[in-house]
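For reference, the chains in residue letters:
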Amino acid sequence: MGKNWGMLKYFIFAPLARPVNFFKYGGGFAGVWSALNVLNSGSHQPFIEAYIAYVSMKYFPPTSLGDVALPILFGASVAAVSWRANV
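Residues numbered from 1 in each chain as written. Predicted model: local features only at pLDDT ≥ 70, side-chain atom pairs only at ≥ 80, totals over all residues. Heavy atoms only, no water.

Things to note about the packing of helix H2 (residues 19-39) against helix H4 (residues 65-86)
Where H2 meets H4, the axes come as close as 6 Å, and the angle between the chain directions of the two elements is 95°. By the angle between their axes, H2 is roughly perpendicular relative to H4. Between H2, through Pro19, Phe22, Phe23, Tyr25, Gly26, Gly27, Phe29, Ala30 and Trp33, and H4, the contact on the second element is made entirely by Asp67, Val68, Leu70, Pro71, Ile72, Phe74, Gly75, Ala76, Val78 and Ala79. Each residue belonging to the contact of H2 with H4 can be placed in one class, and the counts come to 15 nonpolar, three polar and one charged. (Axes fitted to C-alpha atoms, helices over the stretch in contact; angles between N-to-C directions. Helix = DSSP H or I, 4+ residues; strand = E, 2+ residues; numbered from the N terminus. Parallel < 35°, antiparallel > 145°, perpendicular 65-115°, else oblique. Contact = heavy atoms within 4.5 Å. Nonpolar A, V, L, I, M, F, W, Y, C, P; charged D, E, K, R; others polar.)

Structure follows, in structure tokens:
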């Protein structure tokens with residue numbers, strides 16, 4: 001039970017201390033998520049649009065609050081599960 005509380009504390013408090021690290025860590029996961037959403041949309045050229053979605057999410061600067069929050073949340077959740085697995 002202590003490991004689960006530790007994971008929850010890590011998920012909540014660690015991004016508040018160093019959000020830039022979690023933004024960098026979660027950017028790749030958010031880019032892949034964005035590309036998979038484009039692939040499932042049924043567009044005419046899904047691979048080209050998926051590549052553009054991945055590159056724009058991972059390498060371009062954020063343009064909205066959602067572009068900042070999503071990678072931080074992805075990074076925090078993956079880091080918390082990784083922390084839980086290693087403890």
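A closer look at helix H1 (residues 2-17)
When the terminal C-alpha atoms of H1 are compared, their 21 Å separation across 16 residues agrees well with the 22 Å that a helix rising 1.5 Å per residue should span. Tyrosine 10 marks where H1 bends most, by close to 30°. Along H1, the residues classified as buried are Gly6, Ala14 and Pro15. On the buried face of H1, the contacting elements are H2 and H4. (Expected span 1.5 Å × (residues − 1). Bend = angle between axes of the 7 residues up to and from the residue. Buried < 20%, exposed > 50% of the residue type's maximum accessible area, 1.4 Å probe, protein only.)

Honestly, it's all geometry; don't read function into it.
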